[in-house]
Amino acid sequence: MAGTQKGLVVVFGGSGFVGRHIVRRLAKDGFNLRVVVRRPNEALFLKTAGRTGQIELVQGNIRDEASSRAALAGASAIINAVGILYEAGPQKFDAVQSAGATHLATLAAELGIHRFIQISAIGADAGSASAYARSKAEGEDAILAACPQAHILRPSIVVGPEDDFFNRFARLAQIAPALPLVGGGLTRYQPVSVFDVAQAVAACSDGAPSGIYELGGPQVYTFRELMELMLNKIGKRRLLVPLPFAAAGMLAQFTRFLPTPPLTPDQVILLRSDNVVGKNLPNLAAMGIEATPIEALLDSYLGRYRGASKTV
């Protein structure tokens, strides 16, 4: 079997938005997969992504050494797609994205697992004022120190059917007469299709040169342009109201306490910097991948918001 020849790939965070697409792509390519999730009963949908016995679900936590070590038994490769957008309870940036990644890197070195693919983020920077960006950079450094041949993938905003970006604002547009533009909406982004990210992981698994890659789509947009695009796709007209960074920072001091905060102080810091592919690192094209225009992709899943009632 092709999957057996390629060895066992262990995916941490495989039930998340990006992780599930990675699992589906690698299963399609014939890999045998062990997916480590905190709640396997909530990830049973992944079993249908492959043939019988191809995808194994195991309970584990990136912060727990015993479960991580057990999950890595017999592995030939590790993919770490664990990440959080905001902190809640024990899920802290340092614990998950720095210490958690460091922990996996240490185990990989100890167990002789040389293939390591880390899903990081554009903007990862150990000197950043953002705890999110610092923790991503610290995780990268630990992985490269333990596994010099690792692949580090830094996507811009990842978009697709289950994303937490366009879907969130499309839902908000059902009930709100206006949408805020933090900093005036001038920050630039280079949204990348989740299918392209999954294809990049597959390329790394199949022998693409190791190193740090930055992943973005074919077009750069300002935040305002992204909101205008989203509204056009769902057939709604809403006011786009500039919100100065200072005001956004004050608002975030309150909204950060919500169960699913729409804005946190750390995110306000991130919104001050562009999130686009740099010129000095390889990108999707270096892997032979043609970046997917996001406008056609949005048609495939934002249509359900068109004409939706304000009670959505």
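Here is what the cut-offs are and how they apply
- Residues numbered from 1 in each chain as written.
- Predicted model: local features only at pLDDT ≥ 70, side-chain atom pairs only at ≥ 80, totals over all residues.
- Heavy atoms only, no water.
- Helix = DSSP H or I, 4+ residues; strand = E, 2+ residues; numbered from the N terminus.
- Rg over C-alpha atoms; globule rule 2.2 N^0.38 Å.
- Buried < 20%, exposed > 50% of the residue type's maximum accessible area, 1.4 Å probe, protein only.
- Lys, Arg positive; Asp, Glu negative; His and termini not counted.
- Charge placed at Lys NZ, Arg CZ, Asp CG, Glu CD.
- Axes fitted to C-alpha atoms, helices over the stretch in contact; angles between N-to-C directions.
- Left-handed = near helix turned anticlockwise from the far one by under 90°.
- Contact = heavy atoms within 4.5 Å.
- Pairing = 2+ DSSP bridges.
- Phe/Tyr/Trp six-rings, centres within 6.5 Å; stacked < 30°, edge-to-face > 60°.
- Lys NZ or Arg CZ within 6 Å of the ring centre and 35° of its normal.
- Polar contact = N/O pair within 3.5 Å; in protein donor to acceptor, adjacent residues only side chain to side chain.
- Salt bridge = Lys/Arg side-chain N within 4 Å of Asp/Glu carboxyl O.
- Arc of directions from axis to C-beta.
- Core = buried A, V, L, I, M, F, W, Y, C linked by side-chain atoms within 4.5 Å.

(A) Seen up close, the overall build of the protein. Counting its secondary structure elements, the protein contains eleven helices and 13 strands. Relative to a compact globule of 312 residues, whose C-alpha radius of gyration would be 20 Å, the protein shows 19 Å and is just as compact. Along the first, second and third principal axes, the C-alpha set of the protein runs to 55 × 40 × 40 Å. A total of 312 residues make up the protein; the buried ones form 54% of that total. With 31 positive and 25 negative side-chain charges, the protein shows a separation of 7 Å between the mean positions of the two kinds.

(B) Just the packing of helix α6 (residues 166-175) against helix α8 (residues 223-234), in detail. One can describe the packing of α6 onto α8 by two numbers: an axis separation of 10 Å at closest approach and a directional angle of 65 degrees. Crossing hand, α6 versus α8: right-handed. Note on element contacts: α8 touches α6 through F223, L226, M227, M230, L231 and I234, opposite F166, F169, A170, A173 and Q174.

(C) Representation of the sheet that holds strand β6 (residues 151-155) within the structure. Sheet architecture is open: seven strands sit in the order β3-β2-β1-β4-β5-β6-β11, paired in parallel fashion. The strands lining the two open edges of the sheet, one partner per strand, are β3 (55-59) and β11 (211-215). Neighbour-to-neighbour, the strand axes of the sheet open up by a mean angle of 20 degrees, direction not taken into account.

(D) Main features of the packing of aromatic side chains. Scanning all chains against the criterion turns up six aromatic pairs. Their ring planes at 80 degrees and their centres at 6.1 Å tell us that F165 and F223 sit as a pair that is edge-to-face. With F165 in the loop between β7 (158-159) and α6 and F223 in helix α8, this pair connects stretches of sequence that are 58 residues apart. F223 shares its class with F165; the two are buried. Against the face of F169 rests R168, its NZ or CZ located 5.9 Å from the ring centre.

(E) Structural view of the side chain of K233. Considering the arrangement of structural elements, one finds K233 in helix α8. When its relative accessible area of 12% is taken as the criterion, K233 is described as buried. At 3.0 Å, the side chain of K233 and the side chain of D299 are in polar contact. Residues within four places of K233 in sequence aside, it is in contact with E295, L298, D299, L302 and R306.

(F) Quick peek at the pattern of salt bridges. A full pass over the atoms with the stated rule returns eleven salt bridges. A salt bridge links R69 to E65, with the shortest nitrogen-to-oxygen separation between them at 3.0 Å. Here E65 and R69 lie together in helix α3 (residues 65-71), a separation of four residues that amounts to about one turn. Take E65: its relative accessible area is 44%, and that puts it in the partly exposed class.

(G) Structural view of α6. Of all the positions in α6, only F166, N167, F169, A170, A173 and Q174 are classed as buried. All buried residues of α6 lie within an arc of 170 degrees about the axis, which places them on one face of the element. In the core, the buried residues of α6 are packed alongside β7, β8 (178-182), α8 and α11 (294-299).

(H) Broad picture of the nonpolar core. Ranked by size, the top nonpolar core spans 39 residues in total, and within it I22, L26, L33 and L153 carry the most contacts. Listing elements by their share of this core, those giving two or more residues are β1 (8-12), α2 (17-28), β2 (32-37), β3, β4 (75-80), β5 (115-119), α7 (194-205) and β11. By residue number, the principal contributor to this core is α7, which donates eight residues. The residues touching L153, leaving out its near neighbours within four places in the chain, are I117, Q118, I119, S120, A121, A200, V201, C204, Y213, L215 and M287. Core analysis: the next-biggest nonpolar cluster, separate from the first, contains 33 residues, A173, L243, L263 and L302 among them.

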